[in-house]
Amino acid sequence: MQDETTTSSKIACMRHLQQTQAHSIILELSHLIPEWETPQQARETRHAGISTASHATNLDKLPYNLDASTDTDTHIATRHHAIYLLTCIARRWQPAHRSPASTPLLATLARNIPHAWNTLDDTTWNNDTTLLAQILQAARIHSGHQPKTTRYKCLNCPDHPNLQQDYTESGLLDIYYCPTCLSWWTPDDYATAVDALALLTKDPIPVTQIEAAHILNQDKRTIWKRIKDRNIQPLHGKGKKATYPLQALTTQQHQVD
């Protein structure tokens, strides 16, 4: 009886989490889709306020391959295609007994999340939510809201992914966060956390020389001298791609077993 109760509780938690994630994606899309520029609009924005063009810069060519406006099965390049895909999802999520809603597309999707979760088979639900995440990724890129990936490493995740920063209207937000575990640090807190973690963990945090210089806010030559003086051996790789344990590169050397 207790096992059945535990299983039911886990299912309820999973249901709540999956529906919450889908709702969060749809909510963010409702803000980003209207800001999604066409390549032509992006060029006009880029030309605004520029009186003379540098010979070294082609202002008609957009960065990050945003000129690639051909939609494919694996590449969502235009707002038109994103809305088409969202419409397809909305049709699959629409209750059979309910006539198509006159409410906006994304509001209809959000309203029908519980029905879709309860009635769709696992494969269809997973495919649709994966597609929603892909649309969100494309919307972030094409509306200028793609987070910046920093050289700072997550201090909590076992694989130490790079932290990210979100863009705001006034520039980059002064918070680094992990896209995996969602832990976050301010710039002032991060260096302190690195040094404290070096005392607490025996697991090496692999970083390159450049990453170490960035994380510790020190010159790359200082990091290289420290590697030589302390005879620190690389964990992986060679040359510029070699990684070293961050704990051994801090100002006060910490032993990594």
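Residues numbered from 1 in each chain as written. Predicted model: local features only at pLDDT ≥ 70, side-chain atom pairs only at ≥ 80, totals over all residues. Heavy atoms only, no water.

> In this structure, what is going on with the overall build of the chain? I would like to understand it.
Counting secondary structure elements, the chain contains 10 helices and eight strands. As presented, the chain carries roughly 16,400 Å² of accessible surface, and 53% of it is formed by carbon and sulfur atoms. (Helix = DSSP H or I, 4+ residues; strand = E, 2+ residues; numbered from the N terminus. Areas by Shrake-Rupley, 256 points an atom, 1.4 Å probe, with all protein chains shown as cover.)

> Please explain the layout of surface pockets as it appears in this structure.
The calculated volume of the second largest pocket comes to roughly 400 Å³. Lining the second largest pocket we find Ile 25, Leu 136, Gln 137, Arg 140, Gln 164, Tyr 177, Pro 179, Thr 180 and Leu 182. Considering each element in turn, the lining of the second largest pocket owes the most residues, three residues, to helix α6 (residues 122-142). Here the lining of the second largest pocket is composed, by residue class, of five nonpolar, three polar and one charged. (1 Å grid on protein atoms, 1.4 Å probe; cavity = no way out; pocket = protein on both sides within 12 Å on 5 of 7 lines; lining within 4 Å. Points joined across faces, edges and corners; volume = space filled by probe spheres on them. Nonpolar A, V, L, I, M, F, W, Y, C, P; charged D, E, K, R; others polar.)

> What's the story with the pattern of salt bridges in this structure? I'm lost.
Two side chains carrying opposite charge are able to pair once their charged atoms lie near each other. In this structure the tally under the stated criterion is five salt bridges. Across the pair Lys 153 and Glu 211 runs a salt bridge whose closest N-O atoms are separated by 3.4 Å. Here the residue Lys 153 occupies a position in strand β1 (residues 148-153), and Glu 211 occupies one in helix α8 (residues 209-216), the gap between them amounting to 58 residues. Glu 211 carries the same exposure label as Lys 153, and that label is buried. Linking Lys 225 and Asp 229 is a salt bridge whose minimum nitrogen-to-oxygen distance equals 2.7 Å. With Lys 225 and Asp 229 both in helix α9 (residues 220-229) and four residues apart, the pair spans about one turn of that helix. Judged by relative accessible area, Lys 225 falls into the exposed class, the value being 53%. The exposed category is assigned to Asp 229, whose relative accessible area is 54%. (Salt bridge = Lys/Arg side-chain N within 4 Å of Asp/Glu carboxyl O. Buried < 20%, exposed > 50% of the residue type's maximum accessible area, 1.4 Å probe, protein only.)

> Could you clarify how one ought to interpret the state of the cysteines in this entry?
A disulfide bridge is the covalent bond that connects two cysteines by way of their sulfur atoms. Tallied over the full model, the rule gives zero disulfides. Not engaged in a disulfide, the cysteine Cys 154 finds its nearest cysteine sulfur in Cys 178; these two sulfurs lie 3.6 Å apart. The buried category is assigned to Cys 154, whose relative accessible area is 0%. Cysteine Cys 181 shares no disulfide, and the gap to the nearest cysteine sulfur, in Cys 157, comes to 3.6 Å. (Disulfide = S-S within 2.5 Å.)

> What is the right way to read unusual backbone geometry from this model?
If you check the backbone angles, His 160 has positive phi at about 50 degrees while not being a glycine. Take His 160: it is sitting in the loop between β1 and β2 (162-165).

> Which parts of the structure should I look at to understand α9?
Along an α-helix, a turn takes 3.6 residues, which lines up residues three or four apart on a common side. Within α9, burial applies to Ile 223, Arg 226 and Ile 227. The arc enclosing the buried residues of α9, seen along the axis, measures out at 100 degrees, which places them on a common side. Residues Arg 221, Lys 225, Lys 228 and Asp 229 are exposed on α9 and point more than 90 degrees away from its buried face. Looking at the buried positions of α9, the neighbouring elements they touch are α8, β8 (244-245) and α10 (246-249). Of the residues flanking the end of α9, it is Asn 231, one or two places downstream, whose phi is positive at about 55 degrees. (Arc of directions from axis to C-beta. Contact = heavy atoms within 4.5 Å.)

> In this structure, what is going on with the packing of α8 against α9? I would like to understand it.
For any two helices packed against each other, the geometry is given by the interaxial angle and the distance between the axes. Where α8 meets α9, the axes come as close as 8 Å, and the angle between the chain directions of the two elements is 115 degrees. Relative to α9, the element α8 lies roughly perpendicular. The two elements α8 and α9 cross, and the hand of that crossing is right-handed. Contacts between α8 and α9 pair Gln 209, Ile 210, Ala 212, Ala 213 and Leu 216 from the former with Lys 220, Ile 223, Trp 224, Arg 226 and Ile 227 from the latter. Taken together, the residues of the contact of α8 with α9 sort by class into seven nonpolar, one polar and two charged. (Axes fitted to C-alpha atoms, helices over the stretch in contact; angles between N-to-C directions. Parallel < 35°, antiparallel > 145°, perpendicular 65-115°, else oblique. Left-handed = near helix turned anticlockwise from the far one by under 90°.)

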